[in-house]
Amino acid sequence: MFKNEEMEINLGPQHPSTHGVLRVKLRLDGETITHCRPMIGYLHRGVEKICENQTFFQGQVWTDRMDYCSAVANNLGWAEANEKLFGITVPRRAQYIRTMLNEFNRLASHLIWLATHALDIGAMTVFLYAFREREDILDMNEAFCGSRLTTTAFRIGGLREDLPPGFEKMVQKFLAKFPSCLEEYENLLNENRIWKKRTIGVAKLGAEDAIAMGVTGPVLRAAGVPYDIRKAFPYAAYAEMDFEVPTRTEADTYARYLVRMDEMRQSARIIQQCMDGMPEGPVMAKLPKILKAEVNEVYHATEAPKGEIGYYLVGEKGSSNPYRFHVRAPGFINLQSLPKMAEGGLIADIVAAIGTLDIVLGEIDR
Amino acid sequence: MSEPVVPETPQVPEPEAPSGPYVYDYAASPQRQIVMPKTVPLPSLRTYQAEVKAAAEADEAKWVKMQADFETAKAKAEAEGKDAPKPPVRPVPRKDDNDMKTPWPQEAKDADLLRLQECLGAKVEEIFEQAGELTCQVAKESILEALQLCRQDAQLNYEMLADETATHYPAATGFAFSVVYHLTSISRRKRLRLRILVPEGFQPETACAVYPGANWMEREIYDMLGIRFANHPDMTRILCPEDWEGYPLRKDYPTVGLGQRDIAFREDRGGMLERIALQKAGQLGINLKQPKAD
C-alpha cells in the first residue's frame, strides 16, 4: 500500500515563510529533505542595468529598493563606494551621523528579522513587541530624512541635512528603554521550550562550509568566525567606536538568534558613543555640481545587517554614469548555502533555515 | 434685448483622434536606441602612464610652439617698429578647491602582489594599486592556478571569494569582457582583486573547484553577460527565465524594448485615455507618435 518513492514539492514562490518570492524545489523522502534547490529571479528588476544608465547620484534610490529592510545600510555602502571612486573625503560629523543611522538601521533590520522569524516558527507574541520598537526607529528615519523605509539617507560626500532639532532627545529616549525591550524579547524566547526545540541543532552550517560558500554576517559569526567588516576593514566612524563582535560556536539557528540579540546590544552601545562624541562641523564635503569619473574600479564592502554588501563600480573617463554597477548582495550569497543547511533535515525545519538566513528577495534578485 | 458680446475665442485645433488603439512604439523609443561606449575604461597602470606621458609631451609641444610664435611676433614687431608683444606665460594646471583627490593607479608595492608575481611569473600580466585596492591581472588560461595559489599559499591565504563579476567592453580589441574576482583574507584582513580579460566565446575555468561559493556568481555572470565557465557544475540561467534571449548587462542590450509588453489601452473603447495621454504629452512637448530619433 505504501509507496516508497521520493516526492518532489515546491515551497513557494508564494509562501509566507519565504519573505518575498522564493521558490524552493524539494525532494522528500518521507519528511526528510534529500534534495533542495532554491530558484530565484522572480523579483528581478535589472537594478544594475538601470544604474548604469543613470548618473552616479541617481543610483541611490535603487539601493533603497534592494534590501528594503536595511535601506540605510545599503545607502551607506553605495555612498562610500562612490566616495572611494572619486577620492572624496567626508567630514567627520557626517561620518558620525552615518554610523549612528546605520546602527539604528541594523536594529530595525534585526527586529524585523526577529519578529518574522519567530512568527514563522510559531511564536506570535514577540512579533508585536519587536514591531513596537521598530516603529520608533522608523519615526527617527522620518525625522531625519522624511521617509521611513526607502530612506535615500545620504549623498555622495556627506549628508543633505544636519540632524533635525530634537533628534538627540528621541535617541536618548529610545536608548533608555531599548535594553529593557531586549530583555522582554529574551524572556519570551530564550528559555521557551518550543523555541529551543525548533532552533537548537537546526540548519547547521559549520565555519569551514560557511567560508567556502562565502557566507557572511551573523550566520558566519554564529559559526565561530569573528569576521565583521566594521572591525576588519573599518569604514565610516567605526574605527573610533568601542564595540565587540559577538560570536558563538554552535552554528545552529539558536546560535544565530543569540548572535543577533548580542549584536543589537552592541549597536545600542555604538549609537550611544556616536551621540556622546558627535563632532561639530559641516556635514557635506565641497564637491563640484557634476561628478565626472576617471578610469577607475572600486569594490567597497560594508557590513549590512545581513552580511557583506559590496559595490563594484567602474568609472569611465569624463562620464557621469558608472560604466559598471554591480552589487554583491549578502542575501544572494547566503542563500546559496540553503541546500547545505536543509538537506538531511526535516521539511518543517526548512522554514527555520530560510528565516535564519534573514533573506530579502528584493536584494537577492535585484 | 441684445445679446452680450462674447469675445471670439481662438480656435484650438482638436487633437487628432488616433485611428487604432494607442501603442507605444518601443522600437522607435529614444531609450531603445543604443549608444555604444567608445572608450575602454579598463583601469591599468600601463595605460595611465602612457596617457600621462602623452599629455606631458603635448603640453611641452604646445609651450614650445607658444614660445616660437612669440619670437616671430617679436621679430615682426621690431621690424615694423611697434611695441613688443607680451611674452607668453606657461599655463598652470587649474587647482580645484574641493575635497576630491582622484585616486590614480600606482606601482605595486604590496607584498601580496609581489608574491603573486614571484610565484606566477610571466602569467601575471599586470599588477598595480589604485584607491587602496590591489589588482592583479593574470592570463586568462591560468586563472584557476592563480586562485589555487591565493587559497592555498600560506603567505597569501585568501579564504573567501567575496564577489565575482564581469564587465562588457565592446570597444576593446583583443578581448570583450573583464572578469574580476574579489578575494578576502579573513585571517590577514586583506582584499585582493584578480582580473582576467576574456574574448567573446572563450570559456574561463570555473572557480567552483577552489571556492564553492562561486557557483551562483558564475551563473549570474552567464545569465547577465553570457560568459560560459568551463567545468561549472550547473551552467544555467539564474535570474532570468531559462528561455530568455540575450544577455541584459551587455552594452548592446537596450534598456527598453526587449521583453517589455506593449501598452495598449484595451479597455478604452471611447479613446478617452488615449486623448488624455496625447494631450498631456503634447503639453510636455513630447510627441508620443513620433519619438525623437536621437
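Rules used in this analysis
Residues numbered from 1 in each chain as written. Chains lettered and ligands numbered in written order. Predicted model: local features only at pLDDT ≥ 70, side-chain atom pairs only at ≥ 80, totals over all residues. Heavy atoms only, no water. Helix = DSSP H or I, 4+ residues; strand = E, 2+ residues; numbered from the N terminus. Rg over C-alpha atoms; globule rule 2.2 N^0.38 Å. Buried < 20%, exposed > 50% of the residue type's maximum accessible area, 1.4 Å probe, protein only. Contact = heavy atoms within 4.5 Å. Areas by Shrake-Rupley, 256 points an atom, 1.4 Å probe, with all protein chains shown as cover. Lys, Arg positive; Asp, Glu negative; His and termini not counted. Charge placed at Lys NZ, Arg CZ, Asp CG, Glu CD. Buried area = accessible area lost by both parts, 1.4 Å probe. Salt bridge = Lys/Arg side-chain N within 4 Å of Asp/Glu carboxyl O. Polar contact = N/O pair within 3.5 Å; in protein donor to acceptor, adjacent residues only side chain to side chain. Nonpolar A, V, L, I, M, F, W, Y, C, P; charged D, E, K, R; others polar. Axes fitted to C-alpha atoms, helices over the stretch in contact; angles between N-to-C directions. Parallel < 35°, antiparallel > 145°, perpendicular 65-115°, else oblique. Left-handed = near helix turned anticlockwise from the far one by under 90°. Pairing = 2+ DSSP bridges. Core = buried A, V, L, I, M, F, W, Y, C linked by side-chain atoms within 4.5 Å. pLDDT = per-residue confidence, 0-100. Phe/Tyr/Trp six-rings, centres within 6.5 Å; stacked < 30°, edge-to-face > 60°.

(A) Region of interest: the overall build of chain A. Assigned secondary structure in chain A consists of 15 helices and eight strands. In summary, chain A has a C-alpha radius of gyration of 21 Å against a globular reference of 21 Å for 366 residues, a match within 12%. Dimensions of chain A, computed from C-alpha atoms along their principal axes, come out at roughly 75 × 45 × 35 Å. For chain A, the proportion of its 366 residues judged to be buried stands at 62%. In chain A, of all internal contacts separated by at least 6 residues, the share reaching a separation of at least 24 is 72%. A total of about 13300 Å² of accessible surface is found on chain A, and carbon and sulfur atoms cover 52% of it. A gap of 3 Å separates the mean positions of the 43 positive and 47 negative side-chain charges of chain A.

(B) Region of the structure containing the interface of chain B and chain A. Facing 60 residues of chain B, the contacting portion of chain A comprises 57 residues. When the two sides are added together, the surface that chain B and chain A hide from each other amounts to roughly 4800 Å², 58% of it contributed by carbon and sulfur. The three residues of chain B that bury the most area against chain A are Arg191, Trp216 and Leu239 of chain B, which together make up 15% of that side's buried surface. On inspection of chain B and its partner chain A, the count reaches seven salt bridges. Between Lys84 of chain A and Glu133 of chain B there is a salt bridge whose closest N-O contact spans 2.8 Å. Taken together, chain B and chain A are joined by 26 residue pairs in polar contact (both at pLDDT 80 or more). Sorting the residues of the side of chain B that touches chain A by element identifies β3 (133-138), β4 (160-168), β5 (177-185), β6 (190-198) and α4 (214-225) of chain B as the ones contributing at least two each. Residues that form the side of chain B that touches chain A fall into these classes: 29 nonpolar, 14 polar and 17 charged.

(C) The packing of helix α2 (residues 111-120) of chain B against helix α3 (residues 143-152) of chain B, seen in detail. Residue and element names in this part refer to chain B. Packing of α2 against α3 brings their axes to within 11 Å, and their N-to-C directions diverge by 125 degrees. Judged on the interaxial angle alone, α3 and α2 are oblique. α3 is crossed by α2, and the crossing has right-handed handedness. Contacts from Leu116, Cys119 and Leu120 in α2 reach Glu145, Ala146, Leu149 and Cys150 in α3.

(D) Representation of the sheet that holds strand β8 (residues 322-328) of chain A in the model. All names here are of chain A. Strand order in the open sheet made by the three strands is β6-β7-β8, with antiparallel pairing throughout. Only two strands of the sheet have a single neighbouring strand rather than two, namely β6 (296-304) and β8. The mean inter-strand angle of the sheet, taken between neighbouring strand axes irrespective of direction, is 15 degrees. Of the pairings in the sheet, the one linking β6 to strand β7 (residues 307-315) comprises nine bridges and is antiparallel in character. The residue of β7 that forms the bridge with Glu303 is Glu308.

(E) Just the nonpolar core, in detail. Grouped together as the largest cluster of nonpolar side chains are 177 residues, with contacts concentrated most on Ile40 and Ile350 of chain A together with Tyr181 and Leu194 of chain B. Looking at which element gives the most residues to this core, the answer is helix α4 (residues 92-121) of chain A, with 14 residues. Once residues within four sequence positions are removed from consideration, Leu194 of chain B is found in contact with Leu116, Cys136, Ile143, Ala146, Leu147, Cys150, Val179, Val180, Tyr181 and Leu183 of chain B.

(F) Spotlight on the confidence of the model for chain B. Residues and elements named next belong to chain B. In the predicted model, chain B carries a mean pLDDT of 82, and 81% of its residues have values of at least 70. For chain B, per-element mean pLDDT is lowest for helix α5 (residues 272-283), which scores 74, and highest for β5, which scores 93. We note a pTM of 0.84 for the whole complex and an ipTM of 0.89 for its interfaces.

(G) Geometry of the side chain of Thr184 of chain B. Among the structural elements, Thr184 of chain B can be located in strand β5. Within the local environment of Thr184 of chain B, its side chain forms a polar contact with the side chain of Arg191 of chain B, the two groups lying 2.9 Å apart. When sequence neighbours within four positions are dropped, the list of residues in contact with Thr184 of chain B reads Tyr227 and Phe233 of chain A together with Tyr158, Glu159, Met160, Ala162, Lys190 and Arg191 of chain B.

(H) Highlighting the sheet that holds strand β3 (residues 32-39) of chain A. Residue and element names in this part refer to chain A. Taken together, the three strands give an open sheet; going across it, the order is β1-β2-β3, and neighbouring strands pair in antiparallel fashion. Only two strands of the sheet have a single partner each, and these edge strands are β1 (7-11) and β3. Across the sheet, the axes of successive neighbouring strands diverge by a mean angle of 20 degrees, strand direction being ignored. The pairing of strand β2 (residues 23-29) with β3 spans seven bridges and is antiparallel. What sits directly across from Leu28, in β3, is Ile33.

(I) Representation of the pairing of β5 of chain B in the model. Residues and elements named next belong to chain B. The buried fraction of β5 is high, at nine of nine residues. Neither face of β5 is open: one carries Phe177, Val179, Tyr181, Leu183 and Ser185, the other Ser178, Val180, His182 and Thr184, and all of them are buried. In this structure, β4 lies alongside β5, joined through eight bridges in antiparallel fashion. Each residue of the ladder has a partner; that of His168, found in β5, is Phe177. With nine bridges joining them, β5 and β6 adopt antiparallel strand pairing. Bridge pairing in β6 links Val180 to Arg195. In sequence, β5 turns back onto β6 through a hairpin of four residues, with Arg189 there showing a positive phi of about 55 degrees.

(J) Quick peek at the packing of aromatic side chains. Overall, the coordinates contain 14 aromatic pairs over all chains when judged by the stated rule. Relative to Phe325 of chain A, the ring of Tyr311 of chain A has its centre 6.0 Å away and its plane inclined at 70 degrees; by these criteria the two rings are edge-to-face. With Tyr311 of chain A in strand β7 and Phe325 of chain A in strand β8, this residue pair connects regions lying 14 residues apart in the sequence. By relative accessible area, Phe325 of chain A is classed as buried at 2%. Residues Tyr48 of chain B and Trp104 of chain B carry aromatic rings whose centres are separated by 5.1 Å and whose planes lie at 15 degrees to one another, so their mutual orientation is stacked.

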